[in-house]
Amino acid sequence: MEPPASSLRVARAGTMIKVVFVTNGERSAVSEVAQTPMKGAVREAMEEQIGHEFSAAYLYLSMSGSFEAANLTGFARWMRAQASEEQVHALKFFDFLLDRGESARLPAIEEPSYGFRSPLDTFEQALEHEKRVTRFIHDLYDLAVSEHDYPAQVFLNWFVSEQVEEEKSATEIVERLRMAGEDTAALLMLDKELGERQQ
Ligand code: FEO
């Protein structure tokens, strides 16, 4: 079916902004107003990053479910909060693209891992995932620099700092789980402590 077209008359005499809605989410070429366009490579990398952030959310939700099934409700709560945080990260990228006047084409999200051997194994995988996300963010930053996309660099600064925090907290938990070893009491204490995470 032909996409609907409409026009909007603004107050200034003789000025007509014609808006055409197209089915693939792209802006109409006939629009007379436009923001400074993003370079395609930066926009596409940010769209991919939305997928990476949602992948992280999906992985942490999967981990939360495994902990819940093992009655480690504190670890489960921590992972669920982490999953929520990753969704916030994804939406930051989504909103940034919209603020730049771009539509966001969302990539597919892969099925996350399922069935983790132990709390230590789970958090080691979480740490590895965070390191991977850090590499994506750094690559994205490099791209924003090479493409002279200054707003993107400012925006990405927050993520560069955030990844330091993400790796730090995951590393601390891995180290404490290694210290706990086979000590169930120590494991349950850590479970209780992590369960106090608010968000
Ligand atoms: Fe959004 Fe934990 O990386």
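Check the secondary structure of the protein chain and you find 5 helices and 2 strands. Listing each helix as α and each strand as β along the protein chain from the N terminus yields β-β-α-α-α-α-α. Every one of the 199 residues in the protein chain was classed for burial, and the buried ones make up 26%. Once local pairs closer than 6 in sequence are excluded, the contacts in the protein chain between residues at least 24 apart make up 67%.

Attention now goes to unusual backbone geometry. Its identity as a non-glycine residue notwithstanding, N71 has a phi of 60°, on the positive side. With a phi close to 55°, H148 is a non-glycine residue in the positive phi region. By secondary structure assignment, the location of H148 is in the loop between α3 (119–146) and α4 (150–180). Owing to 10 C-beta atoms within 10 Å, H148 belongs among the exposed residues under this scheme.

Let us now look at the nonpolar core. Core analysis: the biggest nonpolar cluster contains 34 residues, and Y60, M63, F67, F75, M79 and L156 have the highest contact counts within it. Elements that contribute at least two residues to this core include exactly α1 (40–69), α2 (73–99), α3, α4 and α5 (184–194). Filtering out sequence-adjacent residues up to four positions away, F67 remains in contact with L72, F75, A76 and M79.

Right, let's get into α2. Compared with an ideal rise of 1.5 Å per residue, which puts 27 residues at 39 Å, α2 spans 39 Å between its outermost C-alpha atoms and is within 8% of the ideal. Looking only at α2, the buried set comprises F75, A76, W78, M79, Q82, E86, H89, A90 and F93. In this structure, the buried residues of α2 make contact with α1, α3 and α5. Just downstream of α2, G101 is the residue with a positive phi angle, here 85°.

Taken N-terminus to C-terminus, the directions of α2 and α5 make an angle of 40°; their axes are 7 Å apart at the nearest point. The two elements α2 and α5 meet at a crossing, and its hand is left-handed. Every residue of α5 that contacts α2 at G74, F75 and W78 is listed here: D191, K192, E193 and L194. Classifying every residue of the contact of α2 with α5 gives 3 nonpolar, 1 polar and 3 charged.

This brings us to the environment of A170. Summarising the element assignment, A170 is placed in helix α4. Between the C-alpha atom of A170 and that of A126, which follows or precedes it by 44 residues, the distance is 6.9 Å.

Spanning 31 residues, α4 covers 46 Å between terminal C-alpha atoms, matching the ideal 45 Å at 1.5 Å per step. Along α4, the sharpest change in direction is near 30° and occurs at L156. Those residues of α4 that are buried lie in contact with α1, α2, α3 and α5.

Before going further, it helps to spend a moment on the packing of α4 against α5. Across the interface, α4 lies against α5 with an axial gap of 8 Å and an inter-helix angle of 155°. Classified by the angle their axes make, α4 and α5 are roughly antiparallel. Taking contact as the criterion, the partners of R176, L177 and A180 in α4 are, on α5, A186, L187 and L190. Here the residues of the contact of α4 with α5 sort into 5 nonpolar, no polar and 1 charged.

Before going further, it helps to examine the environment of A70. Within the secondary structure layout, A70 lies in the loop between α1 and α2. With 48 residues separating them in the primary sequence, A70 and S118 have C-alpha atoms 9.6 Å apart.

Our next topic: the confidence of the model for the protein chain. Close inspection of predicted coordinates is inappropriate in any region flagged by low pLDDT. In this model, the protein chain carries an average pLDDT of 88, and 84% of its residues clear a pLDDT of 70 or more. Long-range and interchain partners of residues 1–17, a stretch whose pLDDT sits below 50, account for 17 contacts in this model, where long-range means more than four residues apart.

Thresholds, definitions, all that
- Residues numbered from 1 in each chain as written.
- Predicted model: local features only at pLDDT ≥ 70, side-chain atom pairs only at ≥ 80, totals over all residues.
- Helix = DSSP H or I, 4+ residues; strand = E, 2+ residues; numbered from the N terminus.
- Buried ≥ 20, exposed ≤ 12 C-beta atoms within 10 Å, placed from the backbone.
- Contact = placed C-beta atoms within 7 Å.
- Core = buried A, V, L, I, M, F, W, Y, C linked by C-beta atoms within 7 Å.
- Expected span 1.5 Å × (residues − 1).
- Axes fitted to C-alpha atoms, helices over the stretch in contact; angles between N-to-C directions.
- Left-handed = near helix turned anticlockwise from the far one by under 90°.
- Nonpolar A, V, L, I, M, F, W, Y, C, P; charged D, E, K, R; others polar.
- Bend = angle between axes of the 7 residues up to and from the residue.
- Parallel < 35°, antiparallel > 145°, perpendicular 65-115°, else oblique.
- pLDDT = per-residue confidence, 0-100.

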